[in-house]
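Here's the letter readout for the chains.
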Amino acid sequence: MLRPETTRRESTEERVTRFAGDAGIPLLRIGLGVVYLWFGVLKLFPGGSPAQDLVERTVSALTFGIIHGDLARLSAAITEIGIALVLLSFRAPRSCAVLLIGHVVLVSTPLVLFPGEMWSGPLQASFQAQYILKNLVTVAAAVVIASSHSRVR
């Protein structure tokens, strides 16, 4: 008669699941942090970001023309670099989530402010609009990061 094993080996699926649980949120923060840092640094330099014109016009519209041109570009750059630093600090997950969602709301405003440029028809988003709409993933990531509060050691 065979004896049941007193200890069983962890299956590959269980190891992958455990790894995903342990590493998922840190990898999410690192990935988003690198993207925000990269995009923010590009905006530090005139002509460095393909979104420069849209960023400058959006910030100008949102501030009623008070902040425009280089100052608009630099304020966007500093904001994105700041968000990156919060993400990469592995601290304040709820504050980080609020910053991410707030940023996504602000960068989504061109969809409404400049509809002629963003939409060529119903559900026909321009390349710029598609670039903005992918930020829905950032909102989902922000929710996951906020939920990590109790898991942070």
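Predicted model only: the values in this text are computed from it and were never measured.

Draft legend 1. Focus on the overall build of the protein chain. A tally of regular secondary structure across the protein chain gives eight helices and two strands. Helices (α) and strands (β) of the protein chain occur, in sequence order from the N terminus, as α-α-α-α-α-α-β-β-α-α. Taking 15 Å as the expected radius of gyration for a compact globule of 153 residues, we find that the protein chain reaches 21 Å, considerably beyond that expectation. Considered along the principal axes of its C-alpha atoms, the protein chain spans approximately 80 × 35 × 25 Å. Considering the protein chain as a whole, with its 153 residues, one finds that 31% of them fall into the buried category. Counting contacts in the protein chain only where the partners sit at least 6 residues apart, residues at least 24 apart contribute 66% of the total. Per element, the accessible surface of the protein chain, about 10,100 Å² overall, is 70% carbon and sulfur.

Draft legend 2. Region of interest: the environment of Val41. Inspection of the secondary structure puts Val41 in helix 1 (residues 12-43). On the basis of relative accessibility, which here comes to 32%, the residue Val41 falls in the partly exposed class. C-alpha of Val41 to C-alpha of Ile81: the two residues are 40 residues apart in sequence and 7.0 Å apart in space.

Draft legend 3. Summary view of the packing of aromatic side chains. Following the criterion strictly, the structure yields one aromatic pair and no others. Geometrically, the ring pair formed by Phe39 and Tyr131 is stacked, given 6.1 Å between the ring centres and 20° between the ring planes. Of this pair, Phe39 sits in helix 1 while Tyr131 sits in helix 7 (residues 127-133), and the two are 92 residues apart along the sequence. A cation sits over an aromatic face here: Arg57 above Phe114, 4.6 Å from the ring centre. For Lys134, the ring lying beneath its charged end belongs to Tyr131, and the centroid distance is 4.9 Å.

Draft legend 4. Focus on the UniProt feature "transmembrane region" (unreviewed entry) in the protein chain. Per the UniProt record, "transmembrane region" (unreviewed entry) is annotated on residues 20-39, 71-90, 97-116 and 128-147. The annotated region residues 71-90 carries 95% helix and 0% strand content, and the separation between its end C-alpha atoms amounts to 29 Å. The span residues 97-116 is 90% helix and 0% strand, and its two end C-alpha atoms sit 31 Å from each other.

Draft legend 5. The arrangement of unusual backbone geometry in detail. Of note in the backbone geometry, Phe90 takes a positive phi value of approximately 60° without being a glycine. At Leu123, a residue that is not glycine, the phi angle is positive and equals roughly 60°. Along the chain, Leu123 falls in the loop between strand 1 (119-121) and strand 2 (124-125).

Criteria and thresholds
- Counting from 1, residues in each chain are numbered in the order their sequence is written.
- Given that the model is predicted, a residue must reach a pLDDT of at least 70 before its local features are reported, and side-chain atom pairs must reach 80 or more before they are shown or counted; all residues, however, enter totals for whole chains, interfaces and linings.
- Values reported for side chains reflect all heavy atoms of the structure, with hydrogen atoms and water molecules removed beforehand.
- Every helix listed is a DSSP run of H or I at least four residues long, and every strand listed is a run of E at least two residues long, numbered separately from the N terminus.
- Put simply, the radius of gyration uses C-alpha atoms, and a globule should come to 2.2 Å times the residue count raised to 0.38.
- Exposure categories follow from relative accessible area, calculated using a 1.4 Å probe and restricted to protein chains: below 20% of the type maximum is buried, above 50% is exposed, and the middle band is partly exposed.
- Should any heavy atoms of two residues lie within 4.5 Å, those residues are considered in contact.
- Using the Shrake-Rupley algorithm and a 1.4 Å probe, accessible areas are obtained, with residue cover drawn only from the displayed protein chains.
- Geometry of aromatic contacts follows a simple scheme: Phe, Tyr and Trp rings, the Trp one being its six-membered ring, pair when their centres are within 6.5 Å, and the pair is stacked under 30 degrees between planes, edge-to-face over 60, tilted otherwise.
- By the criterion adopted, a ring carries a charge over it if an Arg CZ or a Lys NZ lies within 6 Å of its centre and within 35 degrees of its normal.
- UniProt positions are given in the numbering used here, feature names are shortened, and annotations may be inferred rather than shown by experiment.

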